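Architecture and fold: a report
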Amino acid sequence: MTDYEIEEHEYDVLVIGAGGAGLRAAIESLAFGCSTAIVCKSLFGKAHTVMAEGGMAAAMGNVYEEDNWKVHFRDTMRGGKMLNNWRMAQIHAQEAPDRVLELEEWGALFDRTEDGLILQRDFGGHKYARLAHVGDSTGLEMLRTEQQKAASLGIKVFSECTINRLMVDKKTNSISGALGYWREKGNLIKFKAKAIIIATGGLGKMYAITSNSWEGTGDGHAMAMMAGAEMVDMEFVQFHPTGMVWPPSVKGILVTEGVRGDGGTLRNSTDKRFMFNYIPEMFASETASTEDEADSWYEDHSLGRRTPDLLPRDEVARAINSEVKAGRGSPHGGVFLDIASRRSPEYIQKRLPSMYHQFKQLAGVDITKEPMEVGPTCHYAMGGIKVNAETAQSSVNGLFAAGEVAGGLHGANRLGGNSLSDLVVFGRRAGKGAADYAKNTESFLPIDQIEIDKAIQNMMMPFDNSNGENPYTIHKELQDSMQKLAGIIRTEEELVQMLSKVEDLKKKMLSVTVEGNRWFNPGWHLALDLEFMLTNAESLVRAAIERKESRGGHTRDDYPEASKKFGEINFIIKQVNGSIKVEPRQSDSMPDELAELFKDK
Amino acid sequence: MPLVDLKVWRGDDNGEYISYLVEYDEGEVILDVVHRLQSTDAQDLAVRWNCKAGKCGSCSAEVNGKPSLMCMQRMVNFTPGEEIIISPMKTFPLIKDLVTDVSWNYENARKVPAFSPKKVDTDGKHRMQQVDIERGQEFHQCIECYLCQDVCHVIRDHPENKDNFVGPRFFVQIASVNMHPLESASQKPSALYGFGLDYCNITKCCTEVCPAGIKITDNAIIPLKERLVDDKYDPVRWLGRIISKGKSGK
C-alpha cells in the first residue's frame, strides 16, 4: 500500500471531544499535572453543548429550600425507570451544585433570584424548581465558560481533527493511542497516550428527525466498542417531545422544555390539554388531575401537584405520538405548544429569548401571540460506554468516558437538565480518573503498526472504490429506515427488518465511493462516519430486540407493559470476534439507605 | 420542486464561481439548498455547519455580498428566479470553497484577559443582582460566527492591522470580563491597552451583522474606549503616573 506521512504526538491524557464533558475533563487532567490535549471534529467552541437550552439540574435549594440531593437522586432514578446505575445517580445529585458554583467562579452569569443567588427553573420530572439557567441558552453559557477557562490555561486543542480509530494493546487490554485525520487537508495524525477520555457526545444523526448536528454520529460509542469496551443500555434513545415540525428547514430542531417549565401547555387540535389523559400510575400521586390544580402549582408548588405537561420526556413524547396518530394533531403533524395565551409577551421574551427568535426568524411564528407546533425529535442516547461510577473508566484499561457517550446515569430515560450537570460532574471525574491512571503508568505503550496500516487502508477505501453509492445516499437510507423501523414505537418484526437493513447498508458501505480528494471533503468525512453510525445502529437494534418490554425511551408495541424481570436487567453490548453480542446482566442493587427513599411515596 | 440558480465559490484563492441549478422548497434556508447541492452535484463541497438554528455560528458566509449565517437565510425571502451568490468570508484566508481559516480569532482569544473573580461571601456563594448582569449576559450571547470580524473594515481592507487589532468579537469578550460584577483584576484600565481599541472608528458595521443582536459598538466598544480615554487624560492619574515613574527611577 501507499506510504502515508503521519504526524505524531504524545500526551499523558488525550481527550476526544470538546463539549461540556471533554473540556471539564481536560481542565481537571491538566490540574493534576498531566500533559493534556483535546481533539475535536468541529472548530473549538461549536460543540453540541451550545444547543442545550433549558438549564443544568442541581439541588441547590435556592428557590425551594426543601430540595436536596436525595430528592434529586430519587427524581433521576424514577425518571430513568429505576434502571440507572444508582451510584452514578447518587454522585451526580451530590456533586452537581458544586459544579454550578464552579462555573460561576469561572465567569458564568446565571439568572438570579431576588436575593442575588442563582435562580432555578421547573423542568420535567424534577420535584422542585432545580435548573440553574441563563434564559434559554444555558449550554452556550456553559461551553463558552469552559472554553475560555481552557484557553486561559493554555490547553492544546487540535480542532477540525477527527479521530477514526482507538489503538489498544491487546495483551494487556490497555489503551495505547489513537489515529485520525485533519479535516482541512486530510493528512493523518497519530497520538500516543497513556489514557484517553471519550467525550464525543451523541449518536442521533442516524435518525431522520433529530436535534443532533452533523457531529452526532456516535464515533466515540463505536470506536470504544471496536476497541473492546462494553456498552450498556444502547436500546434507550430519548425522543424529546418538543422539536419544531415546520418549516422543513427546522424539522427536529429543539424547543426547550423550559417553555413548559415557565407555564406553556400542550394542546391538541380540539384545544384540549391532552396530557391529563396520559398520566401513568407511577406518577399519578404526584401529578395534578385538573387544569386548575396544575395552574396553581405553577404559582406555588405547595398549592397543588405538578402539571402533567412536565411528566418525564418519554411519557410526553409517547402522548404526543398518540394524539397525532389519533388524528388530533396540528396542521404539520405535531401538536400545539401554547405559552402565548398564558404568559405576557414581556415575560416570554425575557425567559425564552432564543425560542422567540428561533420561531420568529425561521418559522414566521410570534410565540407571544400564537402557539408553536411541536413533535418528537431524536435527542439523546441514554446508553453508551459502560463506566465505573467513581473513575469513569471503561472496561478497557486507560479508556475513560464522560457525558452523553457514557451510559448508566440516566437509565431508561434522562430527565431534562440532568445532561448539563452530567457533563461537568463526570467530566471532572473522568479527568481525575485518567490523570491518576496516567500517573501510575510509567511508559507509553507501543502502537501496533499492523493496526495502523489496517485503519489507514480503511480510511482511504472510499477513494479507491468506484461505482459504489455515494455516502449521502447511504446515510439517508439509514436515517429513513431507523426513523421508520426503530423509532419511538417499536415491534419485533420491524426491528428484525431494521437489522437486515443494517446488514444491507454495511455491504453498500464497503463500496462507498466519494468524489474529489482529501482536501476538506465532507463527502469523505461522512463516508468514514457511516461505519460508526451503522455500528451503533446495530448495537441499538440488537439490544432493542432483546428488551421485550416497554420502559423509558424504549416502547414496544408488542410488549406494551414494563416487566419486573427486565426491570432488573441491563443489556451489555460488546464486539466479540468482529460481531456484536448482547447479554443480559443483573443490575446492581442500591444500599438500604437509598432504597428507603423509594418507599411509601 | 422549483429550482434556484446558486452561484458558489469553488476551490481556493485560484478558484472560481460555479453556477448550479438546485431544487428547493420555500420552507428551506440557504444552508438546506447548499446541503442538497452537496449530496448531489458537488459532493466534496466544503462548508461548515453544526446547529442549523443560529446558535453555533458555524455556517458564516457572504450571501449576495452580505455577511450572514446560511442557516438563518430563508428561501422565501429571495425573489424566485433571483441568482444567489454564496462566497466565503473575505477577511480570513480561504481554505476551500466556503471554508476559511479562522485561526486568527483563536489566537486573539488567548490574548484577552481571563476572568478573575472576587472572593465568595462567607456562606460560599456569590451574590449579584439580575440588573447588574444583564449587560454581561448580552455579551455572552456571542456565538463566535466571526461575521463582525469579517465585516470590520479595519481588517477587511487592511490585513496588516491584524497584528495590532483583536476585532469586535474580542472587544465584546474584553468588555464582558471588564464589566463582570465579580471581576476583581482586569477592571484596571491598564488591562485595556494593546488590543487596538483605538483603530475602531465606530461605523457600527459589526453591530449590523451580529446574528445574536449584540449591540457591539454601543455597549462594548464605546464604553471600553471611554474607560481607556478617561484613564489616559485624567490629570490626577496622569500626575500619578509621572510621580510613580520618578520614584521607580526611570
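Keep in mind that this is a model prediction, so the values were computed, not measured. (Residues numbered from 1 in each chain as written. Chains lettered and ligands numbered in written order. Predicted model: local features only at pLDDT ≥ 70, side-chain atom pairs only at ≥ 80, totals over all residues. Heavy atoms only, no water.)

**Things to note about the overall build of chain A**
Inclusion rule: The secondary structure listing takes helices from DSSP runs of H or I that are at least 4 residues long and strands from runs of E that are at least 2 residues long, numbered from the N terminus. Based on C-alpha atoms, the radius of gyration is set beside the globule rule, defined as 2.2 Å times the residue count to the power 0.38. Whether a residue is buried, partly exposed or exposed follows from its accessible area with a 1.4 Å probe, protein chains only, as a fraction of its type maximum: under 20%, in between, or over 50%, in that order. Contact definition: two residues touch when any of their heavy atoms are within 4.5 Å. Computed by Shrake-Rupley with a 1.4 Å probe, the accessible areas treat only the displayed protein chains as cover when residues are assessed. All tallies of charge rest on Lys and Arg as positive and Asp and Glu as negative; His and the ends of each chain are not included. The atom standing in for a charge is NZ when the residue is Lys, CZ when it is Arg, CG when it is Asp and CD when it is Glu.
Helix and strand counts for chain A come out as 17 helices and 21 strands. Taking 25 Å as the expected radius of gyration for a compact globule of 601 residues, we find that chain A reaches 23 Å, a close match to that expectation. Along the first, second and third principal axes, the C-alpha set of chain A runs to 70 × 50 × 50 Å. Expressed as a percentage of its 601 residues, the buried residues of chain A come to 66%. Put simply, of all contacts in chain A between residues at least 6 apart along the chain, 74% involve residues at least 24 apart. Carbon and sulfur atoms make up 48% of the accessible area of chain A, which amounts to about 20,000 Å² in all. Each charge class in chain A was averaged separately, 69 positive and 85 negative side chains, and the resulting centres sit 2 Å apart.

**Observations regarding the interface of chain B and chain A**
By a frequent convention, interface size equals the accessible area lost on bringing the separate parts together. Note the following rule: In short, buried area is how much 1.4 Å probe accessible area vanishes from two parts on joining, totalled over both. Salt-bridge detection follows one rule: a side-chain nitrogen of Lys or Arg within 4 Å of a carboxyl oxygen of Asp or Glu. Polar contacts, as used here, are pairs of N or O atoms within 3.5 Å; protein pairs need one atom able to donate a hydrogen and one able to accept it. Residues neighboring in sequence count only if both atoms are side-chain atoms.
On the chain A side, the residues contacting the 60 residues of chain B number 64 residues. Carbon and sulfur atoms make up 53% of the area that chain B and chain A hide from each other, which totals about 5,100 Å². Linking chain B to chain A there are 4 salt bridges. Inspection of the region where chain B meets chain A yields 36 residue pairs in polar contact (both at pLDDT 80 or more). Going through the elements one at a time, helix H1 (30–39), strand E6 (94–96), helix H2 (103–111), helix H3 (130–140) and helix H6 (168–178) of chain B are the ones with two or more residues in the side of chain B that touches chain A. The element contributing the most residues to the side of chain B that touches chain A is H3 of chain B, with 6 residues.

**Focus on the environment of Glu235 of chain A**
All names here are of chain A. Looking at the secondary structure, you find Glu235 in the loop between strand E10 (231–232) and strand E11 (237–244). The exposure class of Glu235 is buried, given its relative accessible area of 0%. Non-local contacts of Glu235, meaning those with residues more than four positions away in its chain, are made with Arg490, Leu540, Ala543, Ala544, Arg547, Gly553, His554 and Phe571. A polar contact of 2.6 Å, which involves the side chain of Glu235, links it to the side chain of Arg547.

**Remarks on the packing of H6 of chain B against helix H8 (residues 216–233) of chain B**
Residue and element names in this part refer to chain B. We apply this condition: To define axes, lines are fitted to C-alpha atoms, for helices over the stretch in contact only, and angles between the resulting N-to-C directions are given on a 0 to 180 degree scale. Convention used here: angles under 35 degrees read as roughly parallel, angles over 145 as roughly antiparallel, angles from 65 to 115 as roughly perpendicular, and any remaining angle as oblique. Crossing handedness follows the turn of the near helix against the far one: under a right angle anticlockwise gives a left-handed crossing, and clockwise gives a right-handed one. Classification convention: Asp, Glu, Lys, Arg as charged; Ala, Val, Leu, Ile, Met, Phe, Trp, Tyr, Cys, Pro as nonpolar; all other residues, Gly among them, as polar.
In the contact formed by H6 and H8, the axes pass within 9 Å of each other and the chain directions differ by 65°. Viewed along their axes, H6 and H8 adopt a mutual orientation that is roughly perpendicular. Considering only the axes of H6 and H8, their crossing is left-handed. When H6 is examined against H8, the residues Pro168, Phe171, Val172, Ile174, Ala175 and Asn178 are found in contact with a partner set consisting of Ile216, Ala220, Ile221, Leu224 and Arg227. Residue classes in the contact of H6 with H8 are distributed as 9 nonpolar, 1 polar and 1 charged.

**Here's the deal with the domain arrangement of chain B**
Residues and elements named next belong to chain B. Defined as follows: These domain boundaries are the output of an automatic or database domain assignment.
Each domain of chain B was delimited in the assignment, giving domain 1 (3–100) and domain 2 (103–238). If you look at the interface, domain 1 gives 15 residues, while domain 2 gives 16 residues. At the boundary of domain 1 with domain 2, total buried surface from both sides reaches about 1,200 Å², with 57% on carbon and sulfur atoms. Per-residue buried area on domain 1 facing domain 2 is highest for Pro67, Thr91 and Phe92; these three make up 46% of the total on that side. In this assembly, domain 1 and domain 2 are joined by 1 salt bridge. Between Arg156 and Glu62 there is a salt bridge, with its nearest N and O atoms 2.8 Å apart. At the junction of domain 1 and domain 2, the tally comes to 5 residue pairs in polar contact (both at pLDDT 80 or more). Of all the secondary structure elements, the ones that give two or more residues to the side of domain 1 that touches domain 2 are strand E3 (60–63) and strand E4 (66–69). A class-by-class count of the residues in the side of domain 1 that touches domain 2 yields 7 nonpolar, 5 polar and 3 charged.

**Quick look at the nonpolar core**
Applicable threshold: As used here, the term nonpolar core means buried Ala, Val, Leu, Ile, Met, Phe, Trp, Tyr and Cys residues forming a set that is joined through side-chain atoms within 4.5 Å.
With 239 residues, the main nonpolar core has Phe73, Leu166, Ile196 and Met482 of chain A together with Met70 of chain B as its most contacted residues. The dominant element in this core, judged by the number of residues it contributes, is helix H16 (residues 522–546) of chain A, at 14 residues. Split by domain, the residues of this core number at least three in each of domain 1 (3–100) and domain 2 (103–238) of chain B. Non-local contacts of Met70 of chain B, meaning those with residues more than four positions away in its chain, are made with Val29, Ile30, Leu31, Val34, Val47, Cys59, Ala61, Val63, Ile86 and Leu98 of chain B.

**As for the state of the cysteines**
What makes a disulfide is a covalent bond joining the sulfur atoms belonging to two cysteines. Residues and elements named next belong to chain B. The criterion, for reference: In plain terms, two cysteine sulfur atoms within 2.5 Å form what is called a disulfide here.
Taken as a whole and judged by the stated rule, the model has 0 disulfides over all chains. Here Cys71 is not cross-linked by a disulfide; its sulfur's nearest cysteine counterpart is in Cys59, at 3.8 Å. Cys71 gets classed as buried once you look at its relative accessible area, which sits at 3%.

**Brief notes about the sheet that holds strand E5 (residues 83–87) of chain B**
All names here are of chain B. Rules: We call two strands paired when DSSP finds no fewer than two bridges between them.
Ordered by their spatial adjacency, 5 strands build an open sheet running E2-E1-E5-E3-E4, and the pairing between neighbours is mixed. The outermost strands of the open sheet, each flanked by one partner alone, are strand E2 (16–23) and E4. With strand direction ignored, the average angle separating the axes of adjacent strands in the sheet is 35°. Bridge count between E3 and E4: 4 bridges; the pairing is antiparallel.

**A short note on helix H14 (residues 471–485) of chain A**
Residues and elements named next belong to chain A. Spelled out, the test is: Helix span is expected to be 1.5 Å times the residue number reduced by one.
Between its terminal C-alpha atoms H14 stretches 21 Å, which fits the 21 Å expected from 15 residues at 1.5 Å a residue. Residues Pro471, Tyr472, Ile474, His475, Leu478, Gln479, Ser481, Met482 and Leu485 constitute the buried set of H14. At the N-terminal end of H14, a side-chain oxygen is found 2.8 Å from the backbone nitrogen of Tyr472, two or three residues along, and the residue is Asn470.

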